[in-house]
Amino acid sequence: MITVTINGKKIQLEKPVTILKAASMAGIKIPTLCHHEALESYGGCRLCLVEIEKMPRLQTSCTQYVADGMVVWTETERVVEARKAMLEFLLINHPLDCPYCDKAGECELQDLVVKYGPSTGRFAEGKRTHPESYDDPIIVRNMDRCILCARCVRMCDKVQCASDISITNRSSKSFVEPFSGGRYNCEYCGNCLTVCPVGAIMSRMHKHAYRPWLIEKEVDTVCSFCGVGCSVVLQVRGNSIVRAVPKTGKGLNKGLLCNRGRFGYDYVSSPVRLDSPLIRRDGKLQRATWSEAFIYIAGELKRIKETYGGSSIAGIASGRCTNEDNYVFQKFMRVVLGSNNIDSAAGFAYAPAQKFFERIFGQGVTANSIHGISNSDGILVIGGDPTSVNPVLGLQIRSAHQKNIPVVTIGYMPGLKRFATNRLIPSPFAETALLAALVSELKSKRRLSDEKAAFARDINTIIENIPPVSLNEAGDVCRISPSDINNTVDAISNMTNPSIIIGRDILQRSEGHTNLLLLAALIYLLNGRIYLLSELPNEQGLVDMGCLPDMLPGVRPLAVDSFRRRYDEFFGVEVASEPGMSIVEMIDGANSNKIKALYVMCEDIVFNIPNSRYVKEALSKSELLVVQDIFMTETAQLADVVLPSLSWAEKEGSYTNLERRMQMLKKAVDGKGMEDWQAIAEISRMLGFDMNYRSPKDVMAEIARVSPLHKDIAYDDIVGDGFMWPYKGEPLRHGMSIEGIDIPDAKSLLKISDNDKIYAGMENPLFYSENLSRNSSALSSISPEPYARIGKALATKLSIIDGDYVNISADAGSIELSARVDSDLPENIVLIPNNFGDKGIFNVMNWKINPVIKSFVLDCTEVVIKKIKSAAEEVLA
Amino acid sequence: MLNERVVIEINRIKSKYHDAQSSLLPALYVVQREYGWLSPDAVAAVGDVLNVPRTTVKGVATFYSMFRHKPMGRHLIQLCTNVACMIMGAERLVDILKTRYGLEPNSTTDDGRFSLVVMECIGACATAPAMLVDTDFYDNLTEERIADILENYK
Ligand code: SF4
Ligand code: SF4
Ligand code: SF4
Ligand code: FES
């Protein structure tokens, strides 16, 4: 036990901490500037000086650890004088342009100078000057104000691990700068501006548009962009969001955000938001009242159901909507319209992957804490770059790497390039052979324990029967040296409880189902914890609410009689036992006239499904297309009726993140649309089925009764960073059945892609998030130009350099965009993001359905690349 | 960007240290010796070879005054003008360089022969004024002596 006395107060401590920490535990505040709770101590500003008895000189309390018997004084005359002097030094270069500076009112320097500072400085020489930098679209730098606390640099270096800024030059000439000296060209997470104590690095989004004391309310909510579910505070004035800020140290993101969560909120106030229901009349979508729209929809649905039956109607739910919206949606489809044709974008990869793993390992097997990643003894990442799909989760991997935890990445992952101990980049779509080789090798290195065998039923049998693949065979197919694979085998075979992070690319292959099986084998052999990357904030909620063609709320299989009967009894209807169509089947169904009506809630299927032309054609064949959305999306443009929804900041409800953590959205501003569940309830009522909910809270009360998984959850219990699975309900703990899982044959494990062909692949974009980012002027300003990423070897072969314009064509269509050359990308693939309307990948990419897991197969698009204009010519033009 | 010899040398240096960051200074020296200065591209390339973020390399490279961030002449004169040297006539020497070679502080002669940087103390106060030409040290400078010395550097 250590006893220290601070300002006469005795404090007992178990283990040594800094004086600063000890003081704060005792409620004594010591002023600081360079210290920040998210960062390690630095000892740079010397504001935290304290006097320690028996030590001749003042000490910085943020770096000095307590020792037993230490007597510390934090506010003696000597200390106060020293602080005053430190502040006077800082003001030598600081411009004191507070009246003009957005930080005034929440500036740590200003506050300290008011408290301790000299009223005038004695330094008469000129100040260091830098022009304010507007090189970046969303961040503004004013280096006159910088006090060189290095908080931003340490944040970027040690926490974001992007290392994009540093202190340049030395002593009084130093300032903070990115490599270019101009634009950041970084990840634009904005975490540097969270920690800047002064107005040196600030968001440009609200420059001169507010003063901190004019903020009227702060709303604690959850980010609307991805499945991580970061806590974010919306600061509101009048009916507009002034800014989105993280809560320091709070939420599962612990005060960090990514570019989308911090800057992307402006889509809420986009001028192109829908504000009125629209009905197609004379071929054109025209304004209508809500009741006209409801009557129209109800009438048409009734007609179609009576004429063709419920199974001719399909519904697409949304991972951007709340659990309550989605629950009501599936109920409407199943109970009111009599259709199991319910799916969503989760059906592209997330849901099939989760279903597969739960089938083998039992429910909740993917519900793992994101913080567990940096505490595991190894990490394996495959199928997508977490630092762009789920950026704040990606930081866990970078942080693990800093702690010397081995990180194995399989696939092209630029965001983890510096953070991987073993980096394997197989030739396009060849991961299957690599996974099979890893399984073969591990099988001989790891003995399967009986205890584990009981947990995962029969998987032993499967693993034993997977045909062996040697390192050489895999190396040939993947074009990776067998010794690199062998090193990876060594690295992973030492892991005892690794985090296995899986992205959607690995599923969207012809061998997607085989990849899943091989991954399950690996997970089992390694005793791994599964994390599924999730692109939507409530993708898990879609699954849990039963927005799947074959699952009821609580992820109870429709095919199991007892589950279905329970559901039937609750609603007094009989739900068909056959599974409905998956989202991909629905498109084909519309095209072949099997689907007559499509009800789409906040999902832009034309934009989000490859081969946009085909999707459009299919949709236009349906007799009724209803779209609820906040924007006039490509899908809404084809609709017969469009209903304006409310955005995430305008409504309440719960989201479930990829850890299966339930968190609450809180309403920050008023919008012009209607909550999605409410619009559906209105239509339902017109169809003769009353849904008498007054609020999402009522919906949640029903969910808690219908879904065994959510048993006894009360809406009001979901506070703060919510709670994680298994809630209070009844999870299905054990794997269900492996019956019908086919063991792959050796041939399907060793498919060689044709080296002469070039394939189109999808880029995982950090700055984009479908419709939301397209409608956020902040996000779309970061990287506004469509591009194709091309490997160095291919680029050289075609004499393409960075910035050249290329034409990329395939059967589905062709696009022209600029090239970005990257030496890490394999030769026969070109990656294109899908975020540029008619210049996105889905204009050229085609798809098939994987008959086993019913997800997309996207590895089938061969493209031809031609250089059309060099970068230099473009500049001249 | 960097020629093969330099890359090999940097990799050799890298192998001597426990972490890549420690090899930064020696690696930057190698580049500067080869090219005379550290261009932004060279700084970035050092980062790439060492797998250290380029911005970190820039921070280090701009911290130390012995690294040059502009192309320099064939010979670099580092002349001290701090107190001791100033009292002993260093400013006069600056004038001479200006009149004789057209060489202003922080510039390079038109023929690319000399660059001049004025320094804050090179630790030779007792024998001031003093200067370095490339890596050679000269003290007790006078107008004649500086002219003679520089004749040896073509
Ligand atoms: S925005 Fe993020 S990545 Fe960019 S400099 Fe700041 S901390 Fe680094
Ligand atoms: S920019 Fe801000 S955070 Fe960075 S060193 Fe300067 S004052 Fe500190
Ligand atoms: S990581 Fe995901 S949830 Fe977090 S701020 Fe970024 S987009 Fe939002
Ligand atoms: S807070 Fe301790 S030195 Fe800055």
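Here is what the cut-offs are and how they apply
Residues numbered from 1 in each chain as written. Chains lettered and ligands numbered in written order. Predicted model: local features only at pLDDT ≥ 70, side-chain atom pairs only at ≥ 80, totals over all residues. Heavy atoms only, no water. Contact = heavy atoms within 4.5 Å. Buried area = accessible area lost by both parts, 1.4 Å probe. Salt bridge = Lys/Arg side-chain N within 4 Å of Asp/Glu carboxyl O. Helix = DSSP H or I, 4+ residues; strand = E, 2+ residues; numbered from the N terminus. Nonpolar A, V, L, I, M, F, W, Y, C, P; charged D, E, K, R; others polar. Phe/Tyr/Trp six-rings, centres within 6.5 Å; stacked < 30°, edge-to-face > 60°. Buried < 20%, exposed > 50% of the residue type's maximum accessible area, 1.4 Å probe, protein only. Lys NZ or Arg CZ within 6 Å of the ring centre and 35° of its normal. pLDDT = per-residue confidence, 0-100. Pairing = 2+ DSSP bridges. Core = buried A, V, L, I, M, F, W, Y, C linked by side-chain atoms within 4.5 Å. Domains from an automatic or database assignment. Expected span 1.5 Å × (residues − 1). Near = heavy atom within 4 Å. Axes fitted to C-alpha atoms, helices over the stretch in contact; angles between N-to-C directions. Parallel < 35°, antiparallel > 145°, perpendicular 65-115°, else oblique. Left-handed = near helix turned anticlockwise from the far one by under 90°. Patch = residues over 30% accessible without salt bridge, like charges linked within 9 Å, V, L, I, M, F, W, Y side chains within 5 Å. Areas by Shrake-Rupley, 256 points an atom, 1.4 Å probe, with all protein chains shown as cover.

1. A closer look at the interface of chain A and chain B
Here is step 1 of the chain: Listed by partner, the interface residues are 15 residues for chain A and 14 residues for chain B.
Here is step 2 of the chain: Interface area lost by chain A to chain B is led by A:R170, A:F179 and A:R418, which between them contribute 57%.
Here is step 3 of the chain: At the surface where chain A touches chain B, the tally comes to 1 salt bridge.
Here is step 4 of the chain: Mapped by element, the contributors of at least two residues to the side of chain A that touches chain B are β7 (165-168) and β8 (175-178) of chain A.
Here is step 5 of the chain: In terms of residue count, the dominant contributor to the side of chain A that touches chain B is β7(A) (4 residues).
Here is step 6 of the chain: Each residue belonging to the side of chain A that touches chain B can be placed in one class, and the counts come to 4 nonpolar, 6 polar and 5 charged.

2. Regarding the packing of aromatic side chains
Here is step 1 of the chain: Across all of its chains, the model carries 22 aromatic pairs over all chains by this definition.
Here is step 2 of the chain: Taken together, a centroid distance of 6.5 Å and an interplanar angle of 80° make the contact between A:Y184 and A:Y188 edge-to-face. Each member of the pair A:Y184 and A:Y188 is classed as buried.
Here is step 3 of the chain: With a centroid separation of 5.8 Å and an interplanar angle of 70°, the aromatic rings of A:F332 and A:Y599 are classed as edge-to-face. With A:F332 in helix α8 (residues 323-336) and A:Y599 in strand β24 (residues 597-601), this residue pair connects regions lying 267 residues apart in the sequence.
Here is step 4 of the chain: Taking the relative accessible area as the measure of exposure, A:F332 reaches 0% and is therefore buried.
Here is step 5 of the chain: Classification of A:Y599 by relative accessible area gives buried; the value is 1%.
Here is step 6 of the chain: In this structure an aromatic cluster arises from ring pairing among A:F225, A:Y267, A:F631 and A:W648.
Here is step 7 of the chain: Directly above the aromatic system of A:F607 lies the positively charged group of A:R774, at a separation of 3.7 Å from the ring centroid.
Here is step 8 of the chain: The ring centre of A:F179 lies 6.0 Å from the NZ or CZ of B:K58, which sits over that ring.

3. Details of the confidence of the model for chain B
Here is step 1 of the chain: Per-chain confidence: chain B averages 92 in pLDDT, with 100% of residues scoring 70 or above.
Here is step 2 of the chain: As a predicted assembly, this complex carries a pTM of 0.93 together with an ipTM value of 0.86.

4. Here's the deal with the sheet that holds strand β27 (residues 653-656) of chain A
Whenever strands of a sheet pair, they do so through backbone hydrogen bonds, lying parallel or antiparallel.
All names here are of chain A.
Here is step 1 of the chain: In spatial order, the strands read β27-β28-β29; together these 3 strands make up an open sheet with antiparallel pairing. Edge positions in the sheet fall to β27 and β29 (723-724), since each has one partner strand and no second.
Here is step 2 of the chain: Two strands pair when backbone bridges link them, and β27 and strand β28 (residues 661-665) are joined in this way by 4 bridges, in the antiparallel orientation. Pairing of G653 across the sheet is with L665, part of β28.

5. Some points on the pairing of strand β11 (residues 231-237) of chain A
All names here are of chain A.
Here is step 1 of the chain: For β11, the tally of buried residues reaches 6 of 7 residues, placing the bulk of the element in the interior.
Here is step 2 of the chain: Where β11 lies against strand β12 (residues 240-245), 5 bridges are found, and the strand directions are antiparallel. From the neighbouring strand, V236 faces β12, where its bridge partner is I241.
Here is step 3 of the chain: Connecting the antiparallel pair β11 and β12 is a turn made up of 2 residues, with G238 showing a positive phi of about 60°.

6. A short note on the nonpolar core
Residue and element names in this part refer to chain A.
Here is step 1 of the chain: Counting 209 residues, the largest nonpolar core has L109, L301, F357, F361, I502 and Y599 as the members making the most contacts within it.
Here is step 2 of the chain: In terms of residue count, helix α17 (residues 512-526) provides more of this core than any other element does, 11 residues in total.
Here is step 3 of the chain: Setting aside residues up to four positions removed in sequence, F357 forms contacts with G362, V365, I502, L516, L519, A520, I523, I530 and L532.
Here is step 4 of the chain: In this structure, I316, L598, L817 and F856 belong to the second largest nonpolar core, which totals 52 residues.

7. A short note on the domain arrangement of chain A
How large an interface is tends to be reported as the accessible area lost when its parts come together.
Here is step 1 of the chain: Each domain of chain A was delimited in the assignment, giving domain 1 (2-75), domain 2 (99-111 + 119-269), domain 3 (278-344 + 547-717), domain 4 (350-532) and domain 5 (755-876).
Here is step 2 of the chain: Distance between the C-alpha centres of domain 1 of chain A and domain 3 of chain A: 57 Å.

8. Some thoughts on helix α2 (residues 77-93) of chain A
For an α-helix, the turn length of 3.6 residues means that residues three or four places apart are oriented alike.
Residues and elements named next belong to chain A.
Here is step 1 of the chain: Over its 17 residues, α2 runs 26 Å from end to end, which matches the ideal 24 Å to within 8%, given 1.5 Å per residue.
Here is step 2 of the chain: The complete set of buried residues in α2 reads V79, A82, R83, L87, E88, L90, L91, I92 and N93.
Here is step 3 of the chain: Elements in contact with the buried residues of α2: β3 (49-52), β5 (71-73) and α3 (108-116).

9. Overview of the site of ligand 3
Residue and element names in this part refer to chain A.
Here is step 1 of the chain: Every residue close to ligand 3 is listed here: C223, F225, C226, V228, G229, C230, L257, C258, R260, G261, P391 and V392.
Here is step 2 of the chain: Those elements that place two or more of their residues in the shell around ligand 3 are α6 (259-263) and α11 (391-402).
Here is step 3 of the chain: Its residues assigned to classes, the shell around ligand 3 comprises 9 nonpolar, 2 polar and 1 charged.

10. Examining the site of ligand 1
Here is step 1 of the chain: Taken together, the neighbourhood of ligand 1 is formed by A:I139, A:C156, A:A162, A:I165, A:Y184, A:C186, A:E187, A:Y188, A:C189, A:G190 and A:C192.
Here is step 2 of the chain: Its residues placed into classes, the shell around ligand 1 shows 9 nonpolar, 1 polar and 1 charged.

11. Topic: the packing of helix α6 (residues 90-101) of chain B against helix α7 (residues 143-151) of chain B
Residue and element names in this part refer to chain B.
Here is step 1 of the chain: In contact at an axis separation of 10 Å, α6 and α7 are set at 50° when each is read in the N-to-C sense. Compared by their axis directions, α6 and α7 come out oblique. The handedness of the crossing between α6 and α7 is right-handed. Where α6 abuts α7, its residues R92, L93, I96, L97, R100 and Y101 lie against E143, I146, A147, L150 and E151.
Here is step 2 of the chain: Broken down by class, the residue content of the contact of α6 with α7 amounts to 7 nonpolar, no polar and 4 charged.

12. Some thoughts on the sheet that holds strand β1 (residues 2-6) of chain A
Residue and element names in this part refer to chain A.
Here is step 1 of the chain: The strand order β2-β1-β5-β3-β4 describes an open sheet built from 5 strands, whose pairing is mixed. The two strands at the open ends of the sheet, each matched to only one other strand, are β2 (9-13) and β4 (59-60).
Here is step 2 of the chain: Direction of pairing for β3 relative to β4: antiparallel, over a ladder of 2 bridges. Each bridged residue has a counterpart across the sheet, and for L49 the counterpart in β4 is T60.
Here is step 3 of the chain: Docked against the sheet, α2 engages β3 and β5, running at close to 155° with respect to β3.

13. Things to note about the pattern of salt bridges
Residue and element names in this part refer to chain A.
Here is step 1 of the chain: According to the stated counting rule, one finds 51 salt bridges over all chains in the structure shown.
Here is step 2 of the chain: One salt bridge connects E108 with R151, and the closest N-O pair in it is separated by 2.8 Å. Taken as a pair, E108 in helix α3 and R151 in helix α4 (residues 151-159) lie far apart in primary sequence, 43 residues in all.
Here is step 3 of the chain: Notably, a salt bridge pairs D325 with K651, separated by 2.7 Å at the nearest N-O pair. Remark: K651 occurs in the loop between β26 (641-644) and β27 and D325 occurs in helix α8; sequence separation between them is 326 residues. Per residue, the accessibility class of D325 equals that of K651, and both read buried.

14. As for the pairing of β7(A)
Residue and element names in this part refer to chain A.
Here is step 1 of the chain: The sheet contact formed by β7 and β8 spans 4 bridges and is antiparallel. Pairing of I165 across the sheet is with P178, part of β8.
Here is step 2 of the chain: Remark: 6 residues form the turn of the hairpin made by β7 and β8, two consecutive strands paired antiparallel; N169 in that turn has positive phi of roughly 65°.

15. Quick notes on a nonpolar patch on the surface
Here is step 1 of the chain: Judged by side-chain polarity, B:V83, B:M86, B:I87 and B:M88 come together as a nonpolar surface patch covering roughly 420 Å² of accessible area.
Here is step 2 of the chain: As for its position among the elements, B:I87 is in helix α5 (residues 83-87).

16. Structural notes on the domain arrangement of chain B
Here is step 1 of the chain: The domains assigned to chain B are domain 1 (4-63) and domain 2 (75-151).
Here is step 2 of the chain: Computed over C-alpha atoms only, the centres of domain 1 of chain B and domain 2 of chain B are separated by 29 Å.

17. Side note on unusual backbone geometry
Here is step 1 of the chain: With an omega of 10°, the peptide bond between A:W725 and A:P726 qualifies as cis.
Here is step 2 of the chain: Mapped onto the secondary structure, A:P726 falls in the loop between β29 and α25 (746-749).
Here is step 3 of the chain: That bond from B:A128 to B:P129 is cis: its omega, -5°, falls within 30 degrees of zero.
Here is step 4 of the chain: With respect to the helices and strands, B:P129 occurs in the loop between β3 (114-119) and β4 (131-133).
Here is step 5 of the chain: Even without being glycine, A:S799 reaches a positive phi, approximately 50°.
Here is step 6 of the chain: For A:S799, a relative accessible area of 48% puts it in the partly exposed group.

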